[in-house]
Amino acid sequence: MSDMLRKLLFLMGFLLGSVSRAQEPLKIKGPDERYKVDILVVVAHPDDEGAVTPYLARAIYDLHKSVAVVFGTRGGSGGNDYRREHGPAMADVREIEARQACAKLGIDKVWFLGGKDTASQNVLNSLANWGHGQSLEEIVRIVRLTRPEVIITWLPGIFIGENHGDHQAAGVLATEAFDLADDSTAFPAQLAGASKRLEPYLENLTPWQPKKIYYFSDAQDSQQFAGKGFAYSVREVSPSQKKPYWLLALRAAEPHQTQFPDEIHRWSSLSDEEIQKAMTDPNHLWWSEPETLIFGKAMIPARPTDDPFVGIEGSVDYHTELRTTVIGRETHRIELRMGGPWDFYREFRKRHNLEKLPEAATPEIAIKSGTTLMIPLIVEHSPATGANALMISVDVPQGWRVESGAGNFRLPLEELTTLRVDIAVPALAAGEAKAKGTQNVTVRAELEGKPIGDVKLKVQLVSGGVPQ
C-alpha cells in the first residue's frame, strides 16, 4: 500500500470518527451521587444521635444503608464534665466529638445548622433562638442535597422526661422539611435551574420527597410507644460484626467524653466480653429493649410497624392525599384551652397530617421543685357577643400556691386572648418528690357566669432538669 493511500484512509477514518462523535448525545450532569443517602437523622445536640445508633449500626452494617446526620446546635451551653472548656470553645469540642462518634459507624456526612443551645422545655423558645426560618431553609437544602428515603428525628411533643425544647425543635424542623423539600415554591432559589458555572447565588438542586418519617423520644415512659412503630432489639447480634447492636452503639459513643466521661472511661476500659456480661443487668443498658421507631407518616402505602425500608423501592405518587394540606382555624368558638407549646403542637399535628402521632393523654410536664409552674392559656371567644367578663379559678395540690392568673378579668375585643397562670410549687427533697409522683392542676373558666371549659395538667416535681 502506497503512503498516499495510507494517508487517505487515515484521513477518511478520522473524518468518519469525528462525524460519529458529533452525533453522540451530550451528557447532562445529574445530582452529586456522593451525597445521596438512605437515612437522614435530624437531632439537636452532639450525642443525641446516640439515641438511635443501635438502629443505625443495624442499617449500616447489615442492611448496607448510607446515613447522614444533621445537628441543630453545636451544644455550646451544655455542661463539660471532662475538662474546663465552656461556651464557644465547648461547642468546638462537642462538634469534634460528634464527628468522631459518627465516623466510628462510618458516617462521614455530618452537618450543623448553627442553632443556639437553648436550656428550656418550650419548643417555641428553641425555634426562636435557632432562627426558625434560616434553620428550616438549611435543612430543606440538606434534604434536597442528600435525597434521603427515610428521615429519623426527635418526637415533637411534650412528655415527662428530659423534654428538651431543642429536641422538640429538631423534630419540628425535620417534619417541616419532609413536607417542603418537594415543594418547588419553598425556597425556590435552591431549585433555580441550569445557570452559569460561576453563579454564586443559585444552587440548582432538585425537589425531593422523602418517603417515610420516624420519631424517637426521651419520654420517661417508653412503653407508651409500644406498637406505634417499628420495634427492633438492641440486643440482636450483628451478623457481619458478630457483636450486639447496643455494643456497637456504645463503642460509637466513646468520643462524647464531655457529657459522660465517667461512664465512658468505665466501659472503654473493659473488653467486649466484660461489657456484655455487665449489660445483662437491664438497669445498665442505655437503651430500652426493644426500642421503637415511632411511625410518623409515609408517602407510600405503609403499615406503622413495618421495617422502615419495606416498600421504599418502586414508583411513588407523591401528589396523593398524603401530601400536606392546609387546615384553616375554626372561628367563633368559645372555649378555654392550653396555650404556648401545647397549642402549637395542636395546630402542628393537623397541619402536617400527624394526628395519629402519640401524645400524652393528659397534658403533662416535669419541673424543678421550689420553682414556678407556668400554665399558658388561650380563651377563644367572639367579640360580637359583647361577652367579656371572664373568671379563672385554679385547683392545686396541698402546699402549692397560685401566684397570679386567677380571678376576674375583662377580655379585650378580639377572638383569641392569651393569658397565664403562675403557681409556686414547694421545694421537696429528691426522695419526697419521687414518692409523690405526678400531681394534678385544673384551671377552669367562666364567661359571663357560664362555664366554657377547663384544662388539666399532670405535673411531676423533680430535683433538677431543664427549666420550663
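Conventions we followed
- Residues numbered from 1 in each chain as written.
- Predicted model: local features only at pLDDT ≥ 70, side-chain atom pairs only at ≥ 80, totals over all residues.
- Heavy atoms only, no water.
- Helix = DSSP H or I, 4+ residues; strand = E, 2+ residues; numbered from the N terminus.
- Buried < 20%, exposed > 50% of the residue type's maximum accessible area, 1.4 Å probe, protein only.
- Contact = heavy atoms within 4.5 Å.
- Areas by Shrake-Rupley, 256 points an atom, 1.4 Å probe, with all protein chains shown as cover.
- Pairing = 2+ DSSP bridges.
- Axes fitted to C-alpha atoms, helices over the stretch in contact; angles between N-to-C directions.
- Phe/Tyr/Trp six-rings, centres within 6.5 Å; stacked < 30°, edge-to-face > 60°.
- Salt bridge = Lys/Arg side-chain N within 4 Å of Asp/Glu carboxyl O.

A. Fine view of the overall build of the chain. Across its full length, the chain carries eleven helices and 16 strands. For the chain, buried positions account for 47% of its 468 residues. Nonlocal contacts in the chain, meaning residues at least 24 apart in sequence, comprise 78% of its contacts between residues at least 6 apart. A total accessible area of about 23,300 Å² is found for the chain, and carbon and sulfur atoms account for 53% of it.

B. Quick look at the sheet that holds strand 9 (residues 364-368). Strand order in the open sheet formed by five strands is 9-16-15-11-13, with mixed pairing between adjacent strands. Of all strands in the sheet, those with a lone pairing partner are strand 9 and strand 13 (407-410), marking the two edges. Each neighbouring strand pair of the sheet contributes to a mean axis angle of 30°, computed without reference to strand direction. Two elements, strand 15 (residues 438-447) and strand 16 (residues 450-462), share ten bridges in a ladder whose sense is antiparallel. What sits directly across from Thr 442, in strand 16, is Lys 456.

C. A look at the pairing of strand 9. In terms of burial, strand 9 is a largely internal element, four of the five residues being buried. Bridging between strand 9 and strand 16 involves five bridges; their strand directions are parallel. Counterpart to Glu 364 in the pairing with strand 16 is Lys 458.

D. A look at the packing of aromatic side chains. Counted by the stated rule, this structure contains ten aromatic pairs. On the numbers, 4.5 Å between centres and 50° between planes, the contact of Trp 154 with Phe 216 is tilted. Note that Trp 154 is positioned in strand 4 (residues 150-154) and Phe 216 in strand 5 (residues 212-216), a separation of 62 residues in sequence. Just as Trp 154 is buried, Phe 216 falls in that class too.

E. Quick peek at the pairing of strand 14 (residues 416-424). Looking at chain direction, strand 10 (residues 372-380) and strand 14 are connected through nine bridges and run antiparallel. Within strand 14, the position partnered with Leu 373 by the bridge is Ile 423. Note that strand 12 (residues 401-404) and strand 14 share three bridges and pair antiparallel. Directly across from Arg 401, in strand 14, lies its bridge partner Ala 424.

F. Inspection of the pattern of salt bridges at higher detail. What the rule picks out here adds up to 25 salt bridges. Between Glu 149 and Lys 211 there is a salt bridge, with its nearest N and O atoms 2.3 Å apart. In this pair, Glu 149 is assigned in the loop between helix 5 (132-146) and strand 4 and Lys 211 in the loop between helix 6 (165-180) and strand 5, connecting sequence segments 62 residues apart. Each member of the pair, Glu 149 as well as Lys 211, carries the same accessibility label: buried. Where salt bridges share partners, they join Glu 335, Arg 337, Asp 343, Arg 346, Glu 347, Lys 350 and Glu 380 into one cluster.

G. Up close: the sheet that holds strand 7 (residues 291-298). In space, the seven strands of this open sheet follow the order 3-2-1-4-5-7-6, with mixed pairing throughout. Two strands bound the open sheet, and with one partner strand each, they are strand 3 (109-115) and strand 6 (229-232). The mean angle between the axes of side-by-side strands here comes to 20°, regardless of whether they run parallel or antiparallel. Pairing between strand 2 (residues 67-73) and strand 3: five bridges, direction parallel. The partner of Thr 73 across the bridge, within strand 3, is Gly 115. Set on the sheet, helix 3 (residues 87-104) makes contact with strand 2 and strand 3; between it and strand 3 the angle comes to about 155°.

H. Region of interest: unusual backbone geometry. The omega torsion of the bond from Glu 289 to Pro 290 falls at 0°, within 30 degrees of zero and hence cis. The topology assignment puts Pro 290 in the loop between helix 9 (272-278) and strand 7. The phi dihedral of Arg 147 falls on the positive side, at around 50°, and the residue is not glycine. Assignment of secondary structure puts Arg 147 in the loop between helix 5 and strand 4. Of the residues examined, Arg 147 reaches a relative accessible area of 9% and is grouped as buried. Positive phi outside glycine occurs at Asn 163, with the angle close to 50°. Considering the arrangement of structural elements, one finds Asn 163 in the loop between strand 4 and helix 6.

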